[in-house]
Amino acid sequence: MSAVGGSELRELLLVAEDEVLRAWEAAAQEPDVENPSLDTAANTVLDRVAQVGVSLIENRQYDDVGLVVDTLIHLFRGAGEQRPPTLSVVPLAPERQALRWFAIATRVYVLGSVAVSLQAFGVIRQLVLQQPNEMRKGRYWLRDTVTALARLKRFEKKSFIGPISEYIAERPVFFRRFRNNKDEVVAYLCRFDFLQCVISVAEAGDLSACYPNFGGFYKQRTEPIIVDLVTGGKSREALPNVDDETLSKIIVDLDHLADREFFSYAAWDGGHWSDARVTAFLARQE
């Protein structure tokens, strides 16, 4: 991937984008949104786009990751209410829109979890702060995906982490990035999810800008990224304008939100931190 120049990469991604849009347009003619064969061709191309993004992150071509994100947000809009005018006007079932959004969000989480595992925190913000509708400030694509799935009763497990970890485990090209270790996959997905929540809330100034998927799992999965944040670690690169007081408030608010959302799961232990550095940081900001 390092041998591919910016213009060549852009052309490759534009071709991929066209392939996905054409596949979606063809699938839109089919009445059965539950047919498992629908969108298969599009999802295969999305996998290739995610592979490109992973390679760019691994090769530290962080500026070029923006080209991958541009492709994904354009496709996200193309799957929903912001469809480009170049597409035929075909009524899109809400179920199909939500499933396509989740397909894109899944690839974003792949990129995010790989970035966190490699401490490539400089690319995280562009993975998080994408707005499908730029007129709706503070509404980002990952949160919109949760809302769309929940409205259609397709969010019974209440977290992206489980199904996305299964997706990664089923694809060796991604799974080997985590040493074929499912626990490692879940951990880095949780850490990316927590970080995307902090970034979204800090940027929007509103707790509703995110959803705590990480809360469906025990706290030790997520806590290492919180420790890194409160000790001024490399992850603070993703929060360039957030001071300690603001960070502390966001952490406390997310802790309460996860505890409330997943209370019946008895997984997230709100108010308790196993690492004393988190407790000390939060106490200093009170």
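Up top is the structure.
Residues numbered from 1 in each chain as written. Predicted model: local features only at pLDDT ≥ 70, side-chain atom pairs only at ≥ 80, totals over all residues. Heavy atoms only, no water.

## A look at the overall build of the chain
Next up, step 1: When helices and strands are counted, the chain shows 12 helices and zero strands.
Next up, step 2: For the chain, the C-alpha radius of gyration of 19 Å lies close to 19 Å, the compact-globule estimate for 286 residues.
Next up, step 3: Along the first, second and third principal axes, the C-alpha atoms of the chain reach 55 × 45 × 40 Å.
Next up, step 4: For the chain, buried positions account for 53% of its 286 residues.
Next up, step 5: If you take every contact in the chain between residues at least 6 apart in sequence, the share linking residues at least 24 apart comes to 72%.
Next up, step 6: Carbon together with sulfur atoms contributes 48% to the accessible area of the chain, which is approximately 13100 Å² in total.
Next up, step 7: Within the chain, one finds 33 positive and 40 negative side-chain charges whose respective centroids are separated by 1 Å. (Helix = DSSP H or I, 4+ residues; strand = E, 2+ residues; numbered from the N terminus. Rg over C-alpha atoms; globule rule 2.2 N^0.38 Å. Buried < 20%, exposed > 50% of the residue type's maximum accessible area, 1.4 Å probe, protein only. Contact = heavy atoms within 4.5 Å. Areas by Shrake-Rupley, 256 points an atom, 1.4 Å probe, with all protein chains shown as cover. Lys, Arg positive; Asp, Glu negative; His and termini not counted. Charge placed at Lys NZ, Arg CZ, Asp CG, Glu CD.)

## Side note on helix α10 (residues 223-230)
For an α-helix, the turn length of 3.6 residues means that residues three or four places apart are oriented alike.
Next up, step 1: Taken across its eight residues, α10 has seven buried, putting it largely inside the fold.
Next up, step 2: Among all positions in α10, only Glu223, Ile225, Ile226, Val227, Asp228, Leu229 and Val230 are buried.
Next up, step 3: Among the structural elements, α4 (94-117), α9 (182-204), α11 (244-261) and α12 (276-284) are those in contact with the buried residues of α10.
Next up, step 4: Immediately downstream of α10, the backbone of Gly232 shows phi near 70°, a positive value.

## So, the side chain of Arg143
Next up, step 1: Tracing the sequence through the fold places Arg143 in helix α6 (residues 141-151).
Next up, step 2: Notably, Arg143 is buried but unbridged: the nearest opposite-charge side chain belongs to Asp144, and the N-O separation is 6.8 Å.
Next up, step 3: Within the structure, Arg143 has its side chain in polar contact with the backbone oxygen of Cys210 (distance 3.2 Å).
Next up, step 4: Non-local contacts of Arg143, meaning those with residues more than four positions away in its chain, are made with Ser208, Ala209, Cys210 and Tyr211. (Salt bridge = Lys/Arg side-chain N within 4 Å of Asp/Glu carboxyl O. Polar contact = N/O pair within 3.5 Å; in protein donor to acceptor, adjacent residues only side chain to side chain.)

## Examining the environment of Ala276
Next up, step 1: Within the secondary structure, Ala276 sits in helix α12.
Next up, step 2: With 164 residues separating them along the chain, Ala276 and Gly112 place their C-alpha atoms 27 Å apart.

## Concerning the packing of aromatic side chains
Next up, step 1: Per the stated rule, a full pass over the model turns up 13 aromatic pairs.
Next up, step 2: With centroids separated by 5.9 Å and ring planes inclined at 90°, the aromatic side chains of Tyr109 and Phe160 adopt a geometry described as edge-to-face. Of this pair, Tyr109 sits in helix α4 while Phe160 sits in the loop between α6 and α7 (161-169), and the two are 51 residues apart along the sequence. Across the pair, exposure class does not vary: Tyr109 and Phe160 are buried alike.
Next up, step 3: Taken together, Phe102, Tyr109, Phe155, Phe160, Phe192, Tyr211, Phe262 and Tyr265 form an aromatic cluster joined through their ring pairs.
Next up, step 4: Looking at Lys158, its charged tip hangs above the ring of Phe262, at a distance of 5.5 Å from the centre.
Next up, step 5: A cation over an aromatic ring shows up here: Arg191 above the ring of Tyr188, its NZ or CZ 5.0 Å from the ring centre. (Phe/Tyr/Trp six-rings, centres within 6.5 Å; stacked < 30°, edge-to-face > 60°. Lys NZ or Arg CZ within 6 Å of the ring centre and 35° of its normal.)

## Description of the nonpolar core
Next up, step 1: Core analysis: the biggest nonpolar cluster contains 93 residues, and Leu72, Ile104, Ile124, Trp141, Ile168, Phe194 and Leu254 have the highest contact counts within it.
Next up, step 2: With 13 residues, α4 is the largest single contributor of residues to this core.
Next up, step 3: With sequence-adjacent residues up to four places away left out, Phe194 is seen in contact with Phe214, Thr222, Ile225, Ile226, Leu229, Ile251 and Leu254. (Core = buried A, V, L, I, M, F, W, Y, C linked by side-chain atoms within 4.5 Å.)

## Brief notes about the pattern of salt bridges
Next up, step 1: A full pass over the atoms with the stated rule returns 15 salt bridges.
Next up, step 2: The salt bridge involving Asp47 is made with Arg171; its shortest N-O contact spans 3.5 Å. Taken as a pair, Asp47 in helix α2 (residues 40-58) and Arg171 in the loop between α7 and α8 (172-175) lie far apart in primary sequence, 124 residues in all.
Next up, step 3: Residue classification places Asp47 among the buried residues on the basis of a relative accessible area of 15%.
Next up, step 4: Note that Glu166 is salt-bridged to Lys182, the shortest N-O span being 2.7 Å. Residue Glu166 is located in helix α7, and its partner Lys182 is located in helix α9; the two are separated by 16 residues in the primary sequence.
Next up, step 5: Accessibility expressed as a relative area gives 29% for Lys182, which makes it partly exposed.

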